[in-house]
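# Descriptive analysis of the structure
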Amino acid sequence: RHGAVKSEDTFKTSPFHFDLWFYFTLQNWVLDFGRPIAMIILPLEWFPLNKPSAGDYFHMAYNVITPFLLLKLIERSPKTLPRSMIYVSIIMFVMGASIHLVGDSVNHRLIFSGYQHHLSVRENPIIKNLKPETLIDSFELLYYYDEYLGHSMWYIPFFLILFIYFTGCFTPVEEESRMPVAALLLMGPSSLYYWYLVTEGQIFILYIFTFFAMMALVMHQKRKGLVLDSNGLFLFYSFIITLVLIAVWVVWLWNDKILRKKYPGVIYIPEPWAFYTLHMNNLHAAKESL
């Protein structure tokens, strides 16, 4: 009986989830990409430096809405997926995003005091002169929770859930393997957000391994006569465009000596906010507004 269910799952079809993908794209842009922008643009007197900023409230909303949308996406999969792994991943996702909320809140508020994201913690002028010097260790610990532990516990479950969902996006019906106009319209904003997620989150290794796993799965299922449905194509093509955008970004900043110093090693992918504080942000104006 269990095998019969598995076979039945294989031949179910699923229409393009325009509502869910639209909500994903909208909330990603507004609540994730938009949170540091809201923090900088809104008047400082509304959100004092010793209180949560507007971006923090955006982040709190993101931490609630995104797991809900991920669960809804899994529910619409035409294939029965491993629920236990999904639930554990959702729990880890919320924990990681919550850890990131605290670290990111403090780090972005430091911009108003002259913190420069294109420099390391110890190289920042407002940090390296702290007394006693053990305070610098505390700021490095905060940076570790924000950029390493928080990002790992946030993004690994996120990409795992997307991949698990992707495994159920195959159909033997060729007519199901094409995207509607709505999917094409959403692909650009979705891909651009994934570019921001990979570059700002410094998760290229995680992203590229997920992409390679998706490619391997597509080739494996093709031998069985199965093709991607509209939702699978949307996700797969979004990842391809994201890779192109990352390549363009790296080539553009390839000769930037300052960013090269912060991002040494074989994989050189600067963060957009490091680029912003280095080339576009007027920190003196921010100080004067205090």
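Residues numbered from 1 in each chain as written. Predicted model: local features only at pLDDT ≥ 70, side-chain atom pairs only at ≥ 80, totals over all residues. Heavy atoms only, no water.

## Comments concerning the environment of R83
Tracing the chain through its elements places R83 in helix α4 (residues 83–109). For R83, a relative accessible area of 38% puts it in the partly exposed group. The spatial distance from the C-alpha of R83 to the C-alpha of L71 is 9.9 Å, given a sequence separation of twelve residues. Non-local contacts of R83, meaning those with residues more than four positions away in its chain, are made with I74 and E75. (Helix = DSSP H or I, 4+ residues; strand = E, 2+ residues; numbered from the N terminus. Buried < 20%, exposed > 50% of the residue type's maximum accessible area, 1.4 Å probe, protein only. Contact = heavy atoms within 4.5 Å.)

## A short note on the packing of aromatic side chains
Two measures describe an aromatic ring pair: the distance that separates the ring centres and the angle between the ring planes. Within this structure, the stated rule accounts for 35 aromatic pairs. A centroid spacing of 5.8 Å and a plane angle of 75 degrees characterise the contact between F166 and F170, whose relative ring orientation is edge-to-face. For the pair F166 and F170, one class covers both residues: buried. Directly above the aromatic system of W254 lies the positively charged group of R260, at a separation of 4.1 Å from the ring centroid. Just above the ring of Y268 sits the side chain of R260; from NZ or CZ to the centre is 4.1 Å. (Phe/Tyr/Trp six-rings, centres within 6.5 Å; stacked < 30°, edge-to-face > 60°. Lys NZ or Arg CZ within 6 Å of the ring centre and 35° of its normal.)

## A look at the side chain of H17
Its place among the elements puts H17 in the loop between α1 (2–10) and α2 (18–41). With relative accessibility at 4%, the residue H17 sits in the buried group.

## Things to note about the pattern of salt bridges
Inspection of every chain in the model, using the stated rule, returns seven salt bridges. The closest approach of N and O atoms between E140 and R122, which form a salt bridge, is 3.0 Å. Separated by 18 residues along the polypeptide, E140 in helix α6 (residues 134–166) and R122 in the loop between α4 and α5 (125–128) bring together distant segments of the chain. On the basis of relative accessible area, E140 is assigned to the partly exposed category, the value being 30%. For R122, a relative accessible area of 38% corresponds to the partly exposed category. K261 is paired through a salt bridge with E123; the nearest N and O atoms lie 3.7 Å apart. You can see K261 sitting in helix α10 (residues 257–262) and its partner E123 sitting in the loop between α4 and α5, a full 138 residues away along the chain. Shared partners join several salt bridges into a network, and the residues in it are D32, R35 and D104. (Salt bridge = Lys/Arg side-chain N within 4 Å of Asp/Glu carboxyl O.)

## With respect to unusual backbone geometry
Negative phi values dominate among residues other than glycine, just as trans dominates among peptide bonds. Phi angles above zero are rare outside glycine, and Q202 is one such case at about 55 degrees. You can see Q202 is positioned in the loop between α7 (181–201) and α8 (204–223). According to the relative accessible area criterion, Q202 is partly exposed, its value standing at 37%.

## A short note on the UniProt feature "transmembrane region" (unreviewed entry) in the protein chain
As annotated by UniProt and renumbered to match this structure, "transmembrane region" (unreviewed entry) occupies residues 20–42, 57–74, 86–103, 154–173, 203–220 and 232–254. With 100% helix and 0% strand, residues 86–103 has end C-alpha atoms that lie 26 Å from one another. (UniProt positions renumbered as here; feature names shortened; annotations may be inferred.)

## Description of the nonpolar core
Taken as a class, soluble globular proteins show a tendency for nonpolar side chains to be buried jointly. W21, F166, L235 and F239 are the most contacted members of the largest nonpolar core, which has 62 residues in total. Put simply, the parts of the chain that give this core at least two residues each are α2, α3 (54–75), α4, α6, α7, α8, α9 (230–252) and α11 (272–280). Among residues more than four places away in sequence, those in contact with F166 are M214, L217, V218, L228, G232, L235 and F236. Among the nonpolar cores identified, the runner-up in size contains six residues, and Y115, V121, I127 and Y143 belong to it. (Core = buried A, V, L, I, M, F, W, Y, C linked by side-chain atoms within 4.5 Å.)

## Concerning a nonpolar patch on the surface
Nonpolar side chains collect at one region of the surface, where F18, F22, Y23, L26 and V30 lie side by side and expose about 450 Å² of accessible area between them. Assignment of secondary structure puts F22 in helix α2. (Patch = residues over 30% accessible without salt bridge, like charges linked within 9 Å, V, L, I, M, F, W, Y side chains within 5 Å. Areas by Shrake-Rupley, 256 points an atom, 1.4 Å probe, with all protein chains shown as cover.)

## Considerations on the packing of α2 against α4
To describe two helices that pack against each other, one gives the angle between their axes and the distance between the axes. In the contact formed by α2 and α4, the axes pass within 11 Å of each other and the chain directions differ by 35 degrees. Along this stretch, α2 crosses α4, giving a crossing that reads as right-handed. Here R35, P36 and M39 of α2 lie close against α4, whose contacting residues are H100, D104, H108 and R109. For the contact of α2 with α4, the residue count by class is two nonpolar, two polar and three charged. (Axes fitted to C-alpha atoms, helices over the stretch in contact; angles between N-to-C directions. Left-handed = near helix turned anticlockwise from the far one by under 90°. Nonpolar A, V, L, I, M, F, W, Y, C, P; charged D, E, K, R; others polar.)

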